[in-house]
Amino acid sequence: MRTEEARIGASVRVRGEPGLPYELRGLTGTLSGTWANPWGVPEDLVLEVRLDDGRTRLFWNHELEGVAEGA
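Residues numbered from 1 in each chain as written. Predicted model: local features only at pLDDT ≥ 70, side-chain atom pairs only at ≥ 80, totals over all residues. Heavy atoms only, no water.

Turning our attention to the overall build of the chain. The helix and strand tally for the chain stands at zero helices and five strands. Scanning the chain from its N terminus toward the C terminus, one meets helices and strands in the order β-β-β-β-β. Summarising its shape, the C-alpha atoms of the chain cover approximately 30 × 25 × 20 Å along the three principal directions. A fraction of 40% describes how many contacts in the chain between residues 6 or more apart in sequence connect residues 24 or more apart. Total accessible area on the chain stands at roughly 4500 Å², and carbon and sulfur atoms take up 51% of it. Averaged over its 8 positive side-chain charges, the chain has a centre that lies 3 Å from the centre of its 12 negative ones. (Helix = DSSP H or I, 4+ residues; strand = E, 2+ residues; numbered from the N terminus. Contact = heavy atoms within 4.5 Å. Areas by Shrake-Rupley, 256 points an atom, 1.4 Å probe, with all protein chains shown as cover. Lys, Arg positive; Asp, Glu negative; His and termini not counted. Charge placed at Lys NZ, Arg CZ, Asp CG, Glu CD.)

Given below as structure tokens:
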């Protein structure tokens, strides 16, 4: 997910990034918070996602992809 696409309320899907637990890959949820990278890299955001199963988790923006409306 590109930085400019990260909007609170956006529907997202967890990508199949290496290093992510297998059980998270492909899950969907709603973006509920954004934070700037604490190490000062502006194009990298920390994103809080409320997953559809009720859990809340933090991801880097490159670990997520946007989901089109109605998809």
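For the coordinates displayed, the defined rule picks out four salt bridges. We note a salt bridge from Arg 2 to Glu 5, for which the minimum N-O separation is 3.8 Å. One salt bridge in this structure joins Arg 15 and Glu 17, with 3.9 Å as the shortest N-O distance. The exposure class assigned to Arg 15 is partly exposed, which follows from its relative accessible area of 35%. (Salt bridge = Lys/Arg side-chain N within 4 Å of Asp/Glu carboxyl O. Buried < 20%, exposed > 50% of the residue type's maximum accessible area, 1.4 Å probe, protein only.)

The subject of this paragraph is the side chain of Glu 63. As for its position among the elements, Glu 63 is in the loop between β4 (56-60) and β5 (64-66). One buried charged side chain, Glu 63, makes no salt bridge at all; its nearest oppositely charged neighbour is Arg 57, positioned 6.7 Å away. Separated by 2.9 Å, the side chain of Glu 63 and the backbone nitrogen of Trp 60 make a polar contact. (Polar contact = N/O pair within 3.5 Å; in protein donor to acceptor, adjacent residues only side chain to side chain.)

Moving on: the pairing of strand β3 (residues 45-51). Burial analysis of β3 places five of its seven residues in the buried class, the great majority of the element. Here seven bridges tie strand β2 (residues 28-36) to β3, and the two strands are oriented antiparallel to one another. Across the sheet, residue Trp 35 finds its bridge partner in β3, namely Val 46. Pairing of β3 with β4, which is carried by five bridges, proceeds in the antiparallel orientation. Among the inter-strand pairings, Glu 48 is bridged to a residue of β4, identified as Leu 58. Adjacent in sequence and paired antiparallel, β3 and β4 are bridged by four residues, among which Gly 54 carries a positive phi angle near 100°. (Pairing = 2+ DSSP bridges.)

To continue, consider the nonpolar core. Counting 13 residues, the largest nonpolar core has Met 1, Ala 6, Val 14, Leu 47, Val 49, Phe 59 and Leu 64 as the members making the most contacts within it. Taken together, the elements giving at least two residues each to this core come down to β1 (11-14) and β3. With residues up to four places along the chain from it excluded, the contact list for Leu 64 reads Met 1, Val 12, Arg 13, Val 14, Arg 15, Leu 47, Val 49 and Phe 59. (Core = buried A, V, L, I, M, F, W, Y, C linked by side-chain atoms within 4.5 Å.)

Next up on the list: the environment of Gly 54. Structurally, Gly 54 can be placed in the loop between β3 and β4. Each C-alpha atom, one on Gly 54 and one on Gly 29, is 8.8 Å from the other, the two residues being 25 residues apart in sequence.

Any functional reading would require information that these geometric values do not contain.
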